[in-house]
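Each chain, letter by letter, is given below.
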Protein chains: 2
Amino acid sequence: MNGAAPESRTRRRTRRAILATAASVLARNRTATLAEIADAAEVGRSTLHRYVSDRDELIRATVEDSIEVVGQAILDARAHEGPPLEAMRRVVMAHVEVGDRLMFLFRDPHVMREYGVVEPEHPVEHDPVIELIERGQAEGVFAPHLSPQWVQRVLWALVTAGIEQVESGRMSPHGVASLVIDTLEHGILAR
Amino acid sequence: MNGAAPESRTRRRTRRAILATAASVLARNRTATLAEIADAAEVGRSTLHRYVSDRDELIRATVEDSIEVVGQAILDARAHEGPPLEAMRRVVMAHVEVGDRLMFLFRDPHVMREYGVVEPEHPVEHDPVIELIERGQAEGVFAPHLSPQWVQRVLWALVTAGIEQVESGRMSPHGVASLVIDTLEHGILAR
DNA sequence: CCATTTTGGGACTCCGAACTCTCATTTTCG
DNA sequence: CGAAAATGAGAGTTCGGAGTCCCAAAATGG
């Protein structure tokens, strides 16, 4: 399939910088200009066009890359190992760490709806987070009456909320993960 | 202040339709075209321009209108009356009912940052939801270690998540409010 | 029913972002 | 060092949405 054209180290680094910056900028401003993205990535507009022909292709490539990065972060969190509660905490921290990519992918549902991968390599049944939630429910740790998809969506929502709080200066970066975990686990009632 | 020019019933209705539709469309696609918005509102593009001169003014007017609608819905929820827990449940249901406006206002932080009212009639200290949360904390119902702003943000996040679940067909419209309330109150742990 | 208001649709211009192309310069790496 | 790769900057073109105008048709309301 691939024309046996390995990318040079230089080009690979530039490509990474472009895609990472695009995710970060587009997450915060969906109408950002290509010039703005190029500037933020510290690259000329011409160079940007050497890597992606189109705005459309830029978004497509950024989606693909972001899915890759997020997926790897979750794998690194070893969701399938250890007690579900501890695994969930690692997963939350992993989410926070790739917050930019997550916000790019999921803040605007339009992005995933239009550009989401057509042929998921790992079908939904193998999503590590879903499996973790199901495992936790089976072991009696997570509430059994909540659908795993809902729990996962809540996880995204809280992580996003936490990141926004940090960016708006209403919260220190340090405590976000634990606050999110606490709220996710226990809600807002006194106990 | 106002040039004593009361708007005819006809114009008032079309204005409402335009602003409501704009909120709904822009909430789901921040890059929607004016033509798309006009179509969705079932008015001609010319008519749209008769009510707002500019895309900028359309957004500004939609923000103002949405704040009005959301504020009224929250007032109707009587946040200051009765036990905090029940008041919070009414507030959640009110949020769900004006979900479109909420998503327009808060899904993209850029909107409120750029167009949010400059002179809030009711300063932040008088936000009924914040006051409800503080009251609930004072009465020992809500967790005291969570800042009211964080609780409010979580409330928004969960309502948004619920609405999205409904729209994606993963959940029935009926049970959303109670699911959001349950998750908000207790989190995801088994109990 | 008639005067007035409101609307829809088309034709037109304008503008900014997107995209293309070229060439000199810099960086990489054997 | 020297060839090849990669980049930056600028000029020029294209394109689509935004905004303007006009007129015939429809709806409103007295």
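- Chain A has the name AcrR family transcriptional regulator in an unreviewed UniProt entry, where Thermocatellispora tengchongensis is given as its organism.

## Section: the overall build of chain A
- Within chain A, the regular secondary structure consists of 10 helices and 0 strands.
- Reading the secondary structure of chain A in the N-to-C direction produces α-α-α-α-α-α-α-α-α-α.
- By its C-alpha atoms, chain A is 55 × 45 × 30 Å across when sized along the principal axes.
- Residue pairs at least 24 apart in sequence account for 65% of intrachain contacts in chain A once pairs closer than 6 positions are excluded.
- If you sum the accessible surface of chain A, you get close to 10,000 Å²; carbon and sulfur atoms cover 52% of it.

## Thoughts on the protein's contact with DNA strand D
- Surveying the vicinity of DNA strand D reveals 21 residues, the closest of which are Ser8, Thr14, Ser46, Thr47 and Arg50 of chain A.
- Counting only the atoms of DNA strand D that lie within 4 Å of the protein, the sugar and phosphate share comes to 61%.
- Here a phosphate oxygen of DNA strand D sits 2.6 Å away from a polar atom, N or O, in the side chain of Thr14 of chain A.
- The side chain of Thr47 of chain A places a nitrogen or oxygen atom 2.6 Å from a phosphate oxygen of DNA strand D.
- Of all the secondary-structure elements, those providing two or more residues to the surface near DNA strand D are helix H1 (9-28) and helix H3 (45-51) of chain A together with helix H1 (9-28) and helix H3 (45-51) of chain B.
- Here the surface near DNA strand D takes 4 residues from H3 of chain A, the largest share from any one element.
- For the surface near DNA strand D, a count of residues per class yields 3 nonpolar, 10 polar and 8 charged.

## Re the interface of chain B and chain A
- Across the boundary between the two partners, chain B contributes 41 residues, which contact 40 residues of chain A.
- Summing both sides of the interface, chain B and chain A together bury roughly 3,500 Å²; the carbon and sulfur share of this comes to 66%.
- Interface area lost by chain B to chain A is led by Trp150, Ile188 and Leu189 of chain B, which between them contribute 22%.
- One can count 2 salt bridges joining chain B with chain A.
- Here chain B is connected to chain A by 16 residue pairs in polar contact (both at pLDDT 80 or more).
- Those elements giving two or more residues to the side of chain B that touches chain A turn out to be helix H5 (84-97), helix H7 (109-115), helix H9 (148-167) and helix H10 (176-186) of chain B.
- At 11 residues, the largest contribution of residues to the side of chain B that touches chain A is made by H9 of chain B.

Parameters at a glance
Residues numbered from 1 in each chain as written. Chains lettered and ligands numbered in written order. Predicted model: local features only at pLDDT ≥ 70, side-chain atom pairs only at ≥ 80, totals over all residues. Heavy atoms only, no water. Helix = DSSP H or I, 4+ residues; strand = E, 2+ residues; numbered from the N terminus. Contact = heavy atoms within 4.5 Å. Areas by Shrake-Rupley, 256 points an atom, 1.4 Å probe, with all protein chains shown as cover. Near = heavy atom within 4 Å. Polar contact = N/O pair within 3.5 Å; in protein donor to acceptor, adjacent residues only side chain to side chain. Nonpolar A, V, L, I, M, F, W, Y, C, P; charged D, E, K, R; others polar. Buried area = accessible area lost by both parts, 1.4 Å probe. Salt bridge = Lys/Arg side-chain N within 4 Å of Asp/Glu carboxyl O.

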